[in-house]
Structure formats: C-alpha cells, structure tokens
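Spelled out, the chains give:
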Amino acid sequence: MALFGLFNKKKKESLDKGLEKTKESVFKKLSRAIIGKSKVDDEVLDNLEEVLISSDVGVDTTLRIIERIEERVQRDKYVGTEELNRVLKEEIVDLLKEHNSTDYDSLTLPEGHKPYVIMVVGVNGVGKTTTIGKLAHKFKETGKSVVLGAADTFRAAAVDQLVIWAERVGVPIVKQSMGADPASVAFDTLSKAKAENADVVLIDTAGRLHNKINLMNELTKIKKVMQKVIPDAPHEILLVLDGSTGQNAYEQAKQFTLATEVNALAITKLDGTAKGGVVIGISDQFKIPVKYIGIGEKIDDLQVFNREEFVDSLFN
Ligand SMILES: Nc1nc2c(ncn2[C@@H]2O[C@H](COP(=O)(O)OP(=O)(O)OP(=O)(O)O)[C@@H](O)[C@H]2O)c(=O)[nH]1
Ligand SMILES: [Mg+2]
C-alpha cells in the first residue's frame, strides 16, 4: 500500500508539473473572474464562461458546465466565490462521468484478445511514434510482452525513429524498408506477435500521405489485411491529438471519427501549452474515452488519463 501511495504521489507530481502552464493561466483568469466578489452571481458566471472558453474547453462543454453551476447555485441558495474551485471540480467531473461512470484502466487489457492489437493513427507530428514508445514501456512495466510494427513507411526517418524507441524500451519491432506497403508490415507484425503469443501489438501509421482520402484509404487497407491474421483486429484504433493545437485538435477528432472507427484517444503535448482545457472539451464532446495524456517527451511522460486526477490538478 505504501508503495502504491508513492506511485500515486509521483504520478500527481508529474501531472501537476506537466499541466503547469494551463494551471497558471486558469488560475490567473479565475482570480480575475471573482475579484471583489464574495458570492457566485450572474456576473461571476459570465466571467467564468469566458474563462472556460478562453481555456479551450470549447463552447458546448463550457455551456454545459455553466448550466450545472447555475443549478447548483439555485439549489444551494448561496455559493461563495471561495468555493468556486471546488464546485467547478465537482461539476466537471460529474459531467465527464455522464458518458462513462468508471474510469478506464487502460493498461488492463480485455480478456480473450491475444495479442491485443492497437493501431495508432493521427495527422503528422501529433506524437504517434512517441506515444507508441511510451506506451510500449508502460505495457512492458506491467509485465506484458509487446511487439511494435513500423507501418509508417512514408518517410525513412519514421522507421528509424520507431527502431530507436524499440531499443530504448527493449521490445521487438517488425519493419520493412521505406516505401514498403504499410499493410504488409502490419501483416508481418501480427503474424509474428501471434506466433510468439505476445500480449500487445502497437502499429505505427503515417500521418501524412499525398492527401486525406489517401490516408483514410490506407488505414482501411491496413485494417483489412490485419484481419487476415486476426479476424477481429485491430481491437483498438487509438487517435493521437496534439493538445497544444487547441481548436485544431477538435477538428481532427471530428474528421477522424467520421472516417474511421476510432475507439480511444490520446492527447499529447499538454506540457508547454496553456490549452490543456481541450482534454475536458474533447472528453465531453466525443463519446470516445481519452485513455492517455502526454506531458513531455521522455519515456515516462505518458499517463493513463483519470478524470478526477486531471480536473483536480487543473483547478488546484
Ligand atoms: N513536449 C512534448 N512533446 C511531445 C509529446 N509527445 C510527442 N512530442 C514531440 O512531438 C514531436 C513529434 O512526435 P512524433 O512522435 O514524431 O509524432 P508523429 O505523430 O509520429 O509524427 P509523424 O510520424 O511525422 O506523423 C517529437 O519531437 C516528440 O518528441 C509530449 O507529450 N510533450
Ligand atoms: Mg511518427
């Protein structure tokens, strides 16, 4: 138990540090929003609405949060501004729980899929390859055997980058030369993982092809070919979004969810940006669980997303 507590403390510390910029910005704005006010009234609520929208929470989600707080103020008759942070935290966590009452323990793999195949998608530069490296490390730490597949054959450097991660983490990788058919790499990767009875497969894909239609067709083809080896693969299509792009991340989520069956999200680069509010908006607006957040470039800078921890860190 003591060890578990230590882990949690470490996780919280890195989360606080990773979200520093967003926290600072939200804190400043919130302080301004309640200046000279002792109770939460209409003016404070108007200011709060501005704070949330300007923190990239998104208009729809902001309105839902404000509505909840309005109801709360009516119900409780009086809510002091010193309680605003606590009330905000509670209402946001409750809002996020509307889609899913329990948090995902993303590292516990569902039974009956061995190997469990995760195909990682997203536009170029969002952090797909880095997230795969960090995730491979996480799975390995929990005792799982992992195989990586370098199905981004669009650039030579893409394969090399994944090779470096495979070495760093100490897991096998399946690759072919640059320009090879990505679907063929995926096929080889699944064949190897199946033969070796591996637990998890992580497939990297290209974020940039000649155009968007090409990209979506390519992903569909990779999927089809994978199913020749494992009929229900991929079990997870993990869309990686760059949190520091704010509204752009929403747009990408919209486009990818329309074109492919994305069923998990990772939001990266939350360190070094004040736009961390995107995580709240995206969790609320897409009914797809945010499973991971990226808070730095290093191997340990990926966290399993937990709504309460996240919201708690943001408003403390
Ligand atoms: N600060 C920070 N940087 C990150 C994070 N995740 C990824 N990066 C950096 O973002 C850059 C792009 O990451 P990649 O993993 O190469 O992105 P990608 O989606 O694979 O890119 P393509 O292969 O070009 O499509 C790298 O410099 C990473 O180190 C993060 O959580 N925080
Ligand atoms: Mg890459």
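Residues numbered from 1 in each chain as written. Chains lettered and ligands numbered in written order. Predicted model: local features only at pLDDT ≥ 70, side-chain atom pairs only at ≥ 80, totals over all residues. Heavy atoms only, no water.

Peer 1: I keep staring at the site of ligand 1 and nothing clicks. Help me out?
Peer 2: Around ligand 1, 18 residues are found, and the nearest of them are Lys128, Thr129, Thr130, Asp271 and Glu297. Gln161 is positioned such that a nitrogen or oxygen atom in its side chain is 2.9 Å from an oxygen atom of ligand 1. Protein contacts shield 81% of the accessible area of ligand 1, which totals 660 Å² for the unbound molecule. Applying the majority rule of atoms within 2 Å of the grid points places ligand 1 in the second largest pocket. Top contributing element to the shell around ligand 1 by residue count: helix H6 (residues 128-141), with four residues. When its residues are assigned to classes, the shell around ligand 1 shows two nonpolar, nine polar and seven charged. (Near = heavy atom within 4 Å. Polar contact = N/O pair within 3.5 Å; in protein donor to acceptor, adjacent residues only side chain to side chain. Areas by Shrake-Rupley, 256 points an atom, 1.4 Å probe, with all protein chains shown as cover. 1 Å grid on protein atoms, 1.4 Å probe; cavity = no way out; pocket = protein on both sides within 12 Å on 5 of 7 lines; lining within 4 Å. Sits in = over half its atoms within 2 Å of the grid points. Helix = DSSP H or I, 4+ residues; strand = E, 2+ residues; numbered from the N terminus. Nonpolar A, V, L, I, M, F, W, Y, C, P; charged D, E, K, R; others polar.)

Peer 1: Quick question: what am I supposed to make of helix H10 (residues 247-259) here?
Peer 2: Along an α-helix, residues three or four positions apart point the same way, because every turn accommodates 3.6 residues. Look at H10: 19 Å from first C-alpha to last across 13 residues, which is about the 18 Å you get at 1.5 Å a residue. Within H10, the full set of buried residues consists of Ala249, Tyr250, Gln252, Ala253 and Phe256. Down the axis, H10 shows its buried residues gathered within 165° of arc, on one side only. Taken together, the buried residues of H10 touch strand E1 (116-121), helix H9 (212-229), strand E5 (236-242) and helix H11 (278-285). (Expected span 1.5 Å × (residues − 1). Buried < 20%, exposed > 50% of the residue type's maximum accessible area, 1.4 Å probe, protein only. Arc of directions from axis to C-beta. Contact = heavy atoms within 4.5 Å.)

Peer 1: So what exactly am I meant to see when it comes to a nonpolar patch on the surface here?
Peer 2: Side chains of Ile53, Val59 and Leu63 sit close together on the surface and give an oily, nonpolar patch of about 230 Å² of accessible area. Secondary-structure assignment places Val59 in helix H4 (residues 59-76). (Patch = residues over 30% accessible without salt bridge, like charges linked within 9 Å, V, L, I, M, F, W, Y side chains within 5 Å. Salt bridge = Lys/Arg side-chain N within 4 Å of Asp/Glu carboxyl O.)

Peer 1: Help me out: how do you make sense of the sheet that holds strand E6 (residues 264-268) in this one?
Peer 2: Ordered in space as E3-E2-E4-E1-E5-E6-E7-E8, the eight strands form an open sheet in which the pairing is mixed. Bordering the open sheet on either side are strand E3 (173-174) and strand E8 (302-304), each of which pairs with just one other strand. Along the sheet, H9 makes contact with E1, strand E4 (200-205) and E5, crossing E1 at roughly 170°. Sheet strands in contact with H10 are E1 and E5, and its direction is about 155° off that of E5. (Pairing = 2+ DSSP bridges. Axes fitted to C-alpha atoms, helices over the stretch in contact; angles between N-to-C directions.)

Peer 1: Sorry, what's going on with the side chain of Lys138 here?
Peer 2: Within the secondary structure, Lys138 sits in helix H6. No salt bridge is formed by the buried Lys138, whose closest oppositely charged neighbour, Glu141, lies at an N-O distance of 5.0 Å. With sequence-adjacent residues up to four places away left out, Lys138 is seen in contact with Leu107, Asp300, Leu302 and Gln303. (Lys, Arg positive; Asp, Glu negative; His and termini not counted.)

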